[in-house]
Amino acid sequence: MTEATKTDYLTRAEAAARCRVPLPTFDKLRREGLIPQPDAEVGKHKLWRADTIEEFLEVGGTRR
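Residues numbered from 1 in each chain as written. Predicted model: local features only at pLDDT ≥ 70, side-chain atom pairs only at ≥ 80, totals over all residues. Heavy atoms only, no water.

**A short note on the pairing of strand S3 (residues 45-49)**
The cut-off we apply is this: Note on pairing: DSSP must find at least two bridges between two strands before they are called paired. A run of H or I in DSSP counts as a helix once it spans at least four residues, and a run of E counts as a strand once it spans at least two, with each numbered from the N terminus.
The pairing of strand S1 (residues 9-10) with S3 spans two bridges and is classified as antiparallel. Of the residues in S3, the one forming a bridge with Tyr 9 is Arg 49. Bridge count between strand S2 (residues 40-42) and S3: three bridges; the pairing is antiparallel. Counted as the bridge partner of Ala 40 is Leu 47 from S3. Count of turn residues in the S2/S3 antiparallel hairpin: two residues, of which Gly 43 carries a positive phi of about 65°.

Rendered as structure tokens:
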């Protein structure tokens, strides 16, 4: 598996893994507005840019 570049898009599962939380927890945090909004949607699939998640984690994630 290759490391995602900053412009690659991550699925919900990949974004959750990057945040080191289980997918249900990621979804709960997203519903509560504690995860950044998706950068793109393809059909019903929500996608986050790798740099969006990295920036979110760099500023403390949900502990802001």
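Still to come is the rest of the account.
**Side note on the sheet that holds S3**
The criterion, for reference: Should any heavy atoms of two residues lie within 4.5 Å, those residues are considered in contact. Comment: axis = line fitted to C-alpha atoms, over the contacting stretch for helices; angle = value between 0 and 180 degrees taken between N-to-C directions.
With antiparallel pairing, the three strands of this open sheet are ordered in space as S1-S3-S2. Each edge of the sheet is formed by a strand with only one pairing partner; in this case those strands are S1 and S2. Here helix H3 (residues 50-58) sits on the sheet and contacts S1 and S3; the angle it forms with S3, its principal contact strand, is near 65°.

**A look at unusual backbone geometry**
At Arg 20, a position not held by glycine, the phi torsion is positive, near 60°. Within the element layout of this structure, Arg 20 appears in the loop between helix H1 (12-19) and helix H2 (23-31).

Geometric descriptors of this kind do not, in isolation, establish any biological role.
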